[in-house]
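The primary structure of each chain is shown beneath.
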Amino acid sequence: MAPSYEVLQAWGRCGQGPVPRTLGTMNGPRSALDRLLSELQRRRVARTLIGYGVVAFVVMQVSELVVPGLGMPDWVFRAIVITALAGFPVTAVLSWVFDVSVRPAAREGADGSSTGDPVTVAGLWLRGALLLVVVAASGWAGWRVFQHGGARAQPTAATVPTLPAPVSEVLAVLPIQNLSADPDEAYFAEGLHDEILVRLHQITDLSFTSRSSVLAYRDSTLTIPQICARLGCRYATESTAQKNGDRVRVRFQLIDAASDTHLWAETFEGDESDIFEIQTRIADNVARSLGRALSQNARRRIAAHPTENMAAYDAFLRGRALLRGGVGDWRDILPAIESLRNAVEMDPAFGSAWAELARGYFLGEWVSVAPHAALLREGEAALRRAMELAPEDPGTARAQAWRDYRVTGDYSSALEHVYVALSVAPGDLETIQLAASLQYRLGRWNEAVQWWRRLIEIDPSERIYYWTVFQLYRAQRRWDEAREWLDRLAQVMAPDYPHPADIRLRLEQRGDTAELRAWTEQGVAVLGEAAFYGGGSEWWVLLRDFDEALRLLNAGPGDQIGSQEGPTPRSAKRAEIYHLMGDSLAARKNAEIALVYYQAHRDAIRPGTWEGRVALMQAILGREEEALRNIEIQADAWSHDAWVGPGTEGVQVKVVLGRHGEALDEIESLLRRTYFESLTPAMLRYDPRYDPLRHDPRFQALTADSGA
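Residues numbered from 1 in each chain as written. Predicted model: local features only at pLDDT ≥ 70, side-chain atom pairs only at ≥ 80, totals over all residues. Heavy atoms only, no water.

A.B. asks: Teacher, can you tell me more about the overall build of the chain here?
C.D. replies: Secondary structure summary: the chain contains 32 helices and 10 strands in total. In the chain, the proportion of contacts linking residues at least 24 apart, taken out of those at least 6 apart, comes to 61%. When the accessible surface of the chain is summed, it comes to about 33,100 Å², and 54% of that surface belongs to carbon and sulfur atoms. (Helix = DSSP H or I, 4+ residues; strand = E, 2+ residues; numbered from the N terminus. Contact = heavy atoms within 4.5 Å. Areas by Shrake-Rupley, 256 points an atom, 1.4 Å probe, with all protein chains shown as cover.)

Pasting the structure below:
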């Protein structure tokens, strides 16, 4: 009886040589599966794959520890894992092609003979491990080039999502109650609140109520479910902080408002140097309690200590609290700048403090209260240090965005930096708001509406969001949508008298000055006459009641009228009103006074801010060449900004100078454009500034459309 196939295989494995292929048929034909399995066993494919798997497992385990420690991004580790997995089929093919054994084994030819160079099992494993090491090294080198070589690669508007993800669940991080005995330690609770927010913003798939909304409930007696109902959120935090010397105590709890239950609560106590560990544990516990994930890079950033110098950290918290407390002019910014400078002097390697210092300088430059060149130089120097020390800090990207947005006017670059910040901290609502603002600055009107409406979904209690959507529709002359969003704003504000924007909308749409007079009389009765001093006198100009406009203008205190673009002298407004009244002597006298004011303050105001007003004064004085030059300067200064647009100063100057044909050309162009102060036919019909054009057939044709 012929020996079985299994016996012959055992004989072959005992070192008597390979089993002849013809022996497989001694007990009859074998199936293809049997032949495949036997070949896999004979060629030791399984053993080779097991060895490769051991090496791959070790490499991945080491990479998981090393990649975050070296500061490499998550994609490096993912590349190593993908390469390791892809190596399995490659190893299987190699072990099939080569007859691998503990002895040297050569490639098998078609006739069963051995050819080529010998390959051992250990050698094959070594080659697989070497392949993984090469991939890891390539990832490291690529990241180093990305991070430090030349110009650092940045996401662009074309390569990132153009809208935040739909709102899932919203968390309100309520202000931390200060329990410190010393009232001057209140900044610690405010700073801790900001620092915890910075860490929580890195949790994916979670939205946050705006900082301004939660601050309204700092000392509220409402319950958490009541607060969440008003804020439109599902979860809220409630916390206290106490700082006594170098000791800190923090109580933090996470509450589900729907069931009014505590998802997690803990009290932390230790030295001031433990504050970073406390912040990390809070962020980690909140993420885990809400079932959210933190990437490896997010965990690394959250656990990082921005400084080991606690005095520097203390100065940093003070400075940032001062900046966020509200900025009106340079006097508000100076203490914050001083505190932040102290922070970087105590720790020159404190990257986050350098980023906040840069933002402070840029903010100072924006509010236009000091020489711009000096502020810009200081801000740029601080920003360079932040980029060197903390390139991945979202604060650094925000400082870059702030510079490009408010200082240099490079809105496309600002948007790229905003997207970088959002890639690190997707939940930062202030950064999302900055991205939303840049959309309309770039003239992306539909995208801007979508961004701001998404912000309302996240935080339905924030009034500025409704106001901005209303303004976006108004600027596009989409009257029905503008009316809808103005009504929504009224529901949030619940005013007891018509909002000025409501009257403005009616004027722009229909030119109904009767409603304006009724509202003005009601506004004086409700708010008092003082509310209409200064800039409020504009309502009476539109009503052609110039005597009342002058009376209210002169009744106001001080010599200036405040505005977003900087203070304006009352003499400038008086010059304009007297010109409309036909009193050229009084108009010229006040125009001269206004020009002296503008000349004295020119170094404290951003270029492109006052040129239109100066040009109008010059036009009243008959200085045609100077007036037209200043109009060109203003137009060039804002040519990049779709939101500000060309304004109407150019038209008014040309009307005053008698250049009516050019004024009509510009009016025709403005009626086709979308910008903040969008001109409408109704406005042209009632505004006295355009009276010299009323009998021109072309003007009559342009204003024939009611705009309704």
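Still to come is the rest of the account.
A.B. asks: How should helix α21 (residues 500-510) be read in this particular structure?
C.D. replies: Along an α-helix, a turn takes 3.6 residues, which lines up residues three or four apart on a common side. Within the span of α21, buried status applies to A501, D502, I503, L505, L507, E508 and Q509. At the exit of α21 stands G511, carrying a positive phi of roughly 70°. (Buried < 20%, exposed > 50% of the residue type's maximum accessible area, 1.4 Å probe, protein only.)

A.B. asks: Hey, could you run me through the side chain of R199 in this one?
C.D. replies: Mapped onto the elements, R199 comes out in helix α6 (residues 186-200). For R199, a relative accessible area of 5% translates into the label buried.

A.B. asks: Teacher, can you tell me more about the pairing of strand β3 (residues 170-173) here?
C.D. replies: Each regular strand displays side chains that alternate between the two surfaces of the sheet. Burial along β3 is two-sided: V170 and A172 and L171 and V173, pointing in opposite directions, are all buried. When β3 meets strand β5 (residues 207-208), the two strands line up parallel, connected through 2 bridges. Across the sheet, the residue bridging to V170 is S207, located in β5. One ladder, built from 3 bridges, connects β3 with strand β6 (residues 235-244); its direction is parallel. By the bridge assignment, A172 is partnered in β6 with A236. (Pairing = 2+ DSSP bridges.)

A.B. asks: Please clarify how the pattern of salt bridges should be interpreted in this entry.
C.D. replies: When their charged atoms lie close together, side chains carrying opposite charge are able to pair. In the structure shown here, the tally under the stated rule is 40 salt bridges. When the shortest N-O distance is used, the salt bridge between E269 and R249 registers 3.6 Å. Here the residue E269 occupies a position in strand β8 (residues 261-271), and R249 occupies one in strand β7 (residues 247-256), the gap between them amounting to 20 residues. Residues participating in the shared-partner salt-bridge network are E538, K573, E576, D687 and R689. (Salt bridge = Lys/Arg side-chain N within 4 Å of Asp/Glu carboxyl O.)

A.B. asks: Please clarify how the nonpolar core should be interpreted in this entry.
C.D. replies: When a protein is soluble and globular, its nonpolar side chains tend to lie buried together. Of all hydrophobic cores here, the largest spans 62 residues; its most connected members are L171, L200, I282 and V286. Core analysis: the next-biggest nonpolar cluster, separate from the first, contains 56 residues, L507, L553, L616 and L670 among them. (Core = buried A, V, L, I, M, F, W, Y, C linked by side-chain atoms within 4.5 Å.)

A.B. asks: Please explain helix α9 (residues 275-289) as it appears in this structure.
C.D. replies: The first and last C-alpha atoms of α9 sit 21 Å apart over 15 residues, in line with the 21 Å expected at 1.5 Å per residue. Restricting attention to buried positions, one finds in α9 the residues I275, F276, I278, Q279, T280, I282, A283, N285, V286 and A287. Elements that come into contact with the buried residues of α9 comprise β3, α6, β7, β8, α10 (296-303) and α11 (310-324). One or two steps after α9, the chain reaches G291, where phi turns positive at roughly 70°. (Expected span 1.5 Å × (residues − 1).)

A.B. asks: Please clarify how the packing of α6 against α9 should be interpreted in this entry.
C.D. replies: The relative placement of two packed helices comes down to the angle between their axes together with the axis-to-axis distance. Contact geometry for α6 and α9: axes closest at 9 Å, N-to-C directions at 50°. The pairing of α6 with α9 is recorded here as oblique in orientation. Here α6 runs over α9; the crossing is right-handed. Contacts between α6 and α9 involve F188, L192, E195, I196, R199 and L200 on the former and, on the latter, I275, F276, Q279, T280, I282, A283 and V286. Tallied by class, residues from the contact of α6 with α9 come to 9 nonpolar, 2 polar and 2 charged. (Axes fitted to C-alpha atoms, helices over the stretch in contact; angles between N-to-C directions. Parallel < 35°, antiparallel > 145°, perpendicular 65-115°, else oblique. Left-handed = near helix turned anticlockwise from the far one by under 90°. Nonpolar A, V, L, I, M, F, W, Y, C, P; charged D, E, K, R; others polar.)

A.B. asks: Sorry if this is basic, but what is going on with the state of the cysteines here?
C.D. replies: Chemically, a disulfide is nothing more than a covalent bond linking the sulfur atoms of two cysteines. Applying the stated rule across the entire model yields 0 disulfides. Unpaired in this structure, C228 has its nearest cysteine sulfur neighbour in C233, at a distance of 3.3 Å. What makes C228 buried here is its relative accessible area of 2%. (Disulfide = S-S within 2.5 Å.)

A.B. asks: I would appreciate a short explanation of the environment of Q618 in the present structure.
C.D. replies: As for its placement among the helices and strands, Q618 is situated in helix α27 (residues 611-620). The class for Q618 is buried, based on a relative accessible area of 6%. Measuring from C-alpha to C-alpha, the distance between Q618 and L657 comes to 9.7 Å, with 39 residues separating the pair along the chain. Setting aside residues no more than four positions away along its own chain, Q618 makes contact with L595, R623, E626, A627 and N630.

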